[in-house]
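# Summary of structural features
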Amino acid sequence: PYMKILECLALSRVGERVSALERLERYWYGMIRCGATTFYEAFNENESPDDVLGFYGRPFARSLCHAWGAGPSSCLTEICFGLRPLSEGWTVW
């Protein structure tokens, strides 16, 4: 998920906000469709809910609550509205 959010931000910054949002929805909403209540360490858009726990060839190796997956929470404002902070604490944007 870490690199996926950078991909979405890059699309947004070149004016492809709709494409960025589509990718965001497909990827992160895919986690929700698989029963996520937190952001996963990794996710494959084509996996089924039964495949979610497996990772690295082991049945229960994936972290289901991982900071790398939290990218959308920090960039939705930029992707949706084109706003980003120009100073700490969003005092200028």
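Above this text sits the structure in question.
Residues numbered from 1 in each chain as written. Predicted model: local features only at pLDDT ≥ 70, side-chain atom pairs only at ≥ 80, totals over all residues. Heavy atoms only, no water.

Moving on, we come to the pattern of salt bridges. For the structure shown, the criterion picks out five salt bridges. Residue R26 is joined to E45 by a salt bridge in which the shortest nitrogen-to-oxygen separation is 2.9 Å. With a gap of 19 residues between them, R26 in helix α2 (residues 17-33) and E45 in the loop between α2 and α3 (71-81) connect regions that are remote in the sequence. For E45, a relative accessible area of 25% puts it in the partly exposed group. A cluster of three or more residues bridged by salt bridges with shared partners is formed by K4, R26 and E45. (Salt bridge = Lys/Arg side-chain N within 4 Å of Asp/Glu carboxyl O. Helix = DSSP H or I, 4+ residues; strand = E, 2+ residues; numbered from the N terminus. Buried < 20%, exposed > 50% of the residue type's maximum accessible area, 1.4 Å probe, protein only.)

Take the environment of V14 next. Its location among the elements puts V14 in the loop between α1 (2-13) and α2. In this structure, the C-alpha to C-alpha distance between V14 and A42, residues 28 residues apart in sequence, is 26 Å.

This part covers the packing of α1 against α2. As a packed pair, α1 and α2 sit with axes 7 Å apart at the nearest point and diverge in direction by 160°. One finds that α1 runs roughly antiparallel with respect to α2. Note on packing geometry: the crossing formed by α1 with α2 is left-handed. Touching K4, I5, E7, C8, L11 and S12 of α1 are R17, S19, A20, R23, L24, Y27 and W28, all from α2. Partitioning the contact of α1 with α2 into residue classes produces seven nonpolar, two polar and four charged. (Axes fitted to C-alpha atoms, helices over the stretch in contact; angles between N-to-C directions. Parallel < 35°, antiparallel > 145°, perpendicular 65-115°, else oblique. Left-handed = near helix turned anticlockwise from the far one by under 90°. Contact = heavy atoms within 4.5 Å. Nonpolar A, V, L, I, M, F, W, Y, C, P; charged D, E, K, R; others polar.)

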